[in-house]
Amino acid sequence: MSSSDSSSAESRLATAKTVLTTAASVAATAMLAKSLVQDYLPDEVHQYISYGFRYFFGYFSSQMTIIIEEFEGFVHNEVFEAAEAYLATKISPSNKRIKVSKHEKENNYNVTVERDEEVMDTFNGVKFHWVLHCRHVESKNFHNPRDLNSTLRSEVRSFELSFHKKFKDMALESYLPFMVKRATLVRNEKKTLKIFTLDPDSMYGTYSDAWTSVVLDHPSTFKTLAMDSDVKRNVMEDLDQFVKRRDFYKRVGKAWKRGYLLYGPPGTGKSSLIAAMANHLNFDIYDLELTAVNNNSELRRLLIATANRSILVVEDIDCSIELKDRTTDEVPNEADEPNDPRYKKVTLSGLLNFIDGLWSSCGDERIIIFTTNYKEKLDAALLRPGRMDMHIHMSYCTPSTFKALASNYLEIKDHPLFSKIEEGIEATEVSPAEVAEQLMRNDTVDKILEGLIEFLKIKKIENEQDKAKKEEQDLKKNEKTIKGKDSKVKNSQDVDEQLVRNDRVDKVLEGLVELLKAKKIEDDEAKHVEAASINL
């Protein structure tokens, strides 16, 4: 090897070392700068710098980016939720970080994309790049009950979807609709039913955070539901028809919702029917306690934060808000009476406005269920079609209901004692819950059914005694009312007689005063005598 070749090789080696050293120095400087920016600069400054770099390089780029934020005003962004579910199926070995969660009663693990992780998808030969970005904002009202040491920060999440500019129409008109439809199928396949309840203390700045959920693992189904067979069949057919009529509701110009009123005595299975409906449709349940809501405006914000394909339940609606006097529903002006209690509670008008007013169109495929033990106490405006479309009477136990209970609890379809039991059920008012309690006894089938027969006999006697006692109380109440009316009539006649006396005005008025005193003494004595007789 010549000396010239040796010197040339050494020169190239020195150059390579210089380049590597410079590259390493630049990389170390970049990492240090990035670490300093993340650790010492506020999030706002960090975001501003990142935006500046993206804008500068984006000016020369052929890429287009779509920002998909988690919330649109008060409601969830459907595209964000769909992207979260869809991208979970696109996670590849190249991804370094993913999130995994699982509720105690769930069978499957929930896998989602971690922040700043890039996921690549291909649609019709076009590459689409997804990145989940998270940023923190200060929130005075932020409170995390699961982390007492949490900082006062709220997280805002968004997806960035990047692709070549020339495929913008494909992305908006084909790819995103495909992604949303596919995500719906994925969620339905893996969905675990949940029941949501209102927890105002967990609001993080959006009303959606006020709804907290647990897994709904209720075993009630229409197959096991102890209910009149004809009524059960009508409910199932109505539900199945409702979920298939999206185009029909759109064509006739009505919101895609359905209202059900469940009414009847306690223990007749209203809650079990709601659970069976949720299991049948695979719908989540939102259990709304109206007394926990401050006013109509808050009610609207909470209700539009509920998801589609869900059941909104208000139990014991007659006990939740004042339903009798709708003339007081008009809210006073704050300036006029800021402490007026009507301004601080939900009114019937506010509730009706969401059920059947303009706000009823804020959501699709929703079911609204009200329950009550006393249908007659409800305002007629709440019961008309369009608000409560189907009224379901949850009656006392019937022979067909008993057979369903016997099949569920004892696993028998027929028995020689069935005829006596059915006669006893038809002769008395007994709830399915009471019959079920008797069938849960740990004994032989014969003993259990014999015990049920004896229970029905005792229940019939108790019902007759309660009925007689109620009739006696009503009779006494009526007698007291009639007596009071007679006393008022007699007192009126005495006063008239006193006023027509042929005497001076002052004498007539003095006599009237004495008469009223005497009448008061007589009434007091009558009350004492009545009280003494009751005590005896």
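Owing to the predicted nature of the structure, the values given are computational and were not obtained by experimental measurement. (Residues numbered from 1 in each chain as written. Predicted model: local features only at pLDDT ≥ 70, side-chain atom pairs only at ≥ 80, totals over all residues. Heavy atoms only, no water.)

**Q** Would you mind going over the overall build of the chain in detail, with residue names and values included?
**A** Scanning the chain for helices and strands turns up 16 helices and 15 strands. Taking all 536 residues of the chain together, 33% fall into the buried category. Here the analysis covers contacts within the chain between residues at least 6 apart in sequence; of these, 68% occur between residues at least 24 apart. By element, 52% of the accessible surface of the chain is carried by carbon and sulfur atoms, the whole surface being about 33,900 Å². (Helix = DSSP H or I, 4+ residues; strand = E, 2+ residues; numbered from the N terminus. Buried < 20%, exposed > 50% of the residue type's maximum accessible area, 1.4 Å probe, protein only. Contact = heavy atoms within 4.5 Å. Areas by Shrake-Rupley, 256 points an atom, 1.4 Å probe, with all protein chains shown as cover.)

**Q** Please set out the sheet that holds strand 12 (residues 284-287) residue by residue, giving values where relevant.
**A** Pairing is mixed in the open sheet, where seven strands are placed in the order 10-9-12-13-14-11-15. Because the sheet does not close on itself, it has two edges, and the strands there are strand 10 (211-215) and strand 15 (390-393). The mean angle between the axes of side-by-side strands here comes to 25 degrees, regardless of whether they run parallel or antiparallel. Here strand 11 (residues 257-263) runs beside strand 15; their pairing, made up of four bridges, is parallel. Directly across from Leu-261, in strand 15, lies its bridge partner His-391. Here helix 7 (residues 270-281) sits on the sheet and contacts strand 11, strand 12, strand 13 (310-314), strand 14 (366-372) and strand 15; the angle it forms with strand 14, its principal contact strand, is near 170 degrees. (Pairing = 2+ DSSP bridges. Axes fitted to C-alpha atoms, helices over the stretch in contact; angles between N-to-C directions.)

**Q** Residues and numbers for the side chain of Thr-371, please.
**A** Note that Thr-371 resides in strand 14. There is a polar contact of 2.9 Å between the side chain of Thr-371 and the backbone nitrogen of Asp-316. With residues up to four places along the chain from it excluded, the contact list for Thr-371 reads Leu-262, Lys-270, Ile-274, Val-314, Glu-315, Asp-316, Ile-317 and Asp-318. (Polar contact = N/O pair within 3.5 Å; in protein donor to acceptor, adjacent residues only side chain to side chain.)

**Q** So, helix 7: which residues are in play, and what are the values?
**A** Given a rise of 1.5 Å per residue, twelve residues ought to cover 16 Å, and the 17 Å separating the end C-alpha atoms of helix 7 matches this to within 8%. All of the buried residues along helix 7 are Lys-270, Leu-273, Ile-274, Ala-275, Ala-276, Met-277, Ala-278 and Leu-281. Positive phi shows up at Asn-282, right after helix 7, with a value of about 65 degrees. (Expected span 1.5 Å × (residues − 1).)

**Q** Quick rundown of the packing of helix 12 (residues 399-409) against helix 13 (residues 418-427)? Include the residues and the values.
**A** Following both chains from N to C, one finds helix 12 and helix 13 inclined at 130 degrees, their axes separated by 9 Å at the closest point. In this view, helix 12 runs oblique relative to helix 13, as classed from their interaxial angle. At the point where helix 12 passes helix 13, the crossing takes the right-handed sense. In this structure, helix 12 uses Pro-399, Phe-402, Lys-403 and Ala-406 to contact helix 13, whose residues at the interface are Phe-418, Ile-421, Glu-422, Ile-425 and Glu-426. For the contact of helix 12 with helix 13, the per-class residue count stands at six nonpolar, no polar and three charged. (Parallel < 35°, antiparallel > 145°, perpendicular 65-115°, else oblique. Left-handed = near helix turned anticlockwise from the far one by under 90°. Nonpolar A, V, L, I, M, F, W, Y, C, P; charged D, E, K, R; others polar.)

**Q** Just give me the short version of unusual backbone geometry, but keep the residues and values in it.
**A** The backbone of Asn-124 shows a phi angle near 55 degrees, a positive value even though the residue is not glycine. Not every positive phi belongs to a glycine, and Glu-411 is a case in point at roughly 60 degrees. Within the fold, Glu-411 resides in the loop between helix 12 and helix 13.

**Q** Describe the packing of aromatic side chains, listing the residues and the values that go with them.
**A** Under the definition given, this model contains 14 aromatic pairs. Measuring from ring centre to ring centre gives 5.0 Å for Trp-211 and Tyr-286, while their planes differ by 85 degrees; the resulting arrangement is edge-to-face. Of the two residues, Trp-211 is situated in strand 10 and Tyr-286 in strand 12; the sequence distance between them amounts to 75 residues. Assigned by exposure class, Trp-211 and Tyr-286 land together as buried. Their ring planes at 75 degrees and their centres at 5.0 Å tell us that Phe-402 and Phe-418 sit as a pair that is edge-to-face. Of this pair, Phe-402 sits in helix 12 while Phe-418 sits in helix 13, placing them 16 residues apart in sequence. For Phe-402, a relative accessible area of 0% gives the class buried. In this structure an aromatic cluster arises from ring pairing among Phe-80, Tyr-86, Phe-123, Phe-128, Trp-130, Phe-159, Phe-163, Tyr-175 and Phe-178. The cationic tip of Arg-245 hangs over the ring face of Phe-248; the distance from NZ or CZ to the ring centre is 3.7 Å. Directly above the ring of Tyr-374 sits Lys-377, whose terminal nitrogen or CZ lies 4.5 Å from the centroid. (Phe/Tyr/Trp six-rings, centres within 6.5 Å; stacked < 30°, edge-to-face > 60°. Lys NZ or Arg CZ within 6 Å of the ring centre and 35° of its normal.)

**Q** Give a description of a nonpolar patch on the surface that names residues and reports values.
**A** Taken together, Ile-98, Val-100 and Tyr-109 make up a surface patch of nonpolar side chains, about 310 Å² in accessible area. As for its position among the elements, Val-100 is in strand 4 (residues 98-101). Among the residues examined, Val-100 registers a relative accessible area of 51% and is labelled exposed. (Patch = residues over 30% accessible without salt bridge, like charges linked within 9 Å, V, L, I, M, F, W, Y side chains within 5 Å. Salt bridge = Lys/Arg side-chain N within 4 Å of Asp/Glu carboxyl O.)

**Q** Any chance you could break down the confidence of the model for the chain for me, citing the residues and the numbers?
**A** As a general rule, the predicted coordinates of low-pLDDT regions are not to be interpreted in detail. Of the residues in the chain, 72% have a pLDDT of 70 or more, and the chain-wide mean is 78. Across residues 142-153, where pLDDT falls below 50, the model places 21 contacts with residues more than four positions away in sequence or in other chains. (pLDDT = per-residue confidence, 0-100.)

**Q** Now, about helix 12: what can you tell me, with residues and values included?
**A** Among the residues making up helix 12, those that are buried are Thr-401, Phe-402, Ala-404, Leu-405 and Ala-406. Among the residues trailing helix 12, Glu-411 stands out with phi positive, at a value near 60 degrees.

**Q** Describe the pattern of salt bridges, and please don't skip the residues or the numbers.
**A** A side chain of one charge can pair with a side chain of the opposite charge if their charged atoms are brought near each other. One pass over the structure, following the stated rule, counts twelve salt bridges. With a shortest N-O distance of 3.9 Å, Arg-246 and Asp-364 are connected by a salt bridge. With Arg-246 in helix 6 (residues 246-252) and Asp-364 in the loop between helix 10 (348-356) and strand 14, the pair connects residues that are 118 residues apart, well separated along the chain. For Arg-246, a relative accessible area of 49% puts it in the partly exposed group. The partly exposed category is assigned to Asp-364, whose relative accessible area is 30%. Two residues, Glu-365 and Arg-309, come together in a salt bridge whose shortest N-O distance is 2.9 Å. Placement of the pair is Glu-365 in the loop between helix 10 and strand 14 and Arg-309 in the loop between helix 8 (296-304) and strand 13, with a sequence separation of 56 residues. What makes Glu-365 buried here is its relative accessible area of 9%. Put simply, Glu-70, Glu-84 and Arg-157 are held in one network by salt bridges that share partners.

**Q** Before we move on, can you summarise the nonpolar core with the specific residues and values?
**A** Grouped together as the largest cluster of nonpolar side chains are 31 residues, with contacts concentrated most on Trp-211, Leu-288, Leu-299, Ile-317, Phe-370 and Leu-382. Contributing elements (two or more residues each) for this core: strand 9 (194-198), strand 11, helix 8, strand 13, helix 10, strand 14 and helix 11 (380-383). Among the elements that line this core, the one with the most residues is helix 10, at five residues. For Trp-211, the contacting residues outside a window of four places in its chain are Phe-196, Thr-197, Leu-198, Tyr-286, Asp-287, Leu-288, Leu-302, Ala-305 and Thr-306. (Core = buried A, V, L, I, M, F, W, Y, C linked by side-chain atoms within 4.5 Å.)

**Q** Residues and numbers for the pairing of strand 12, please.
**A** The pairing of strand 9 with strand 12 spans three bridges and is parallel. Along strand 12, the bridge assignment pairs Ile-195 with Ile-285. Tracing the backbone out of strand 12, into helix 8 and back to the parallel element strand 13 gives a crossover that is right-handed. (Right-handed = clockwise from strand over helix to strand, strands pointing away.)

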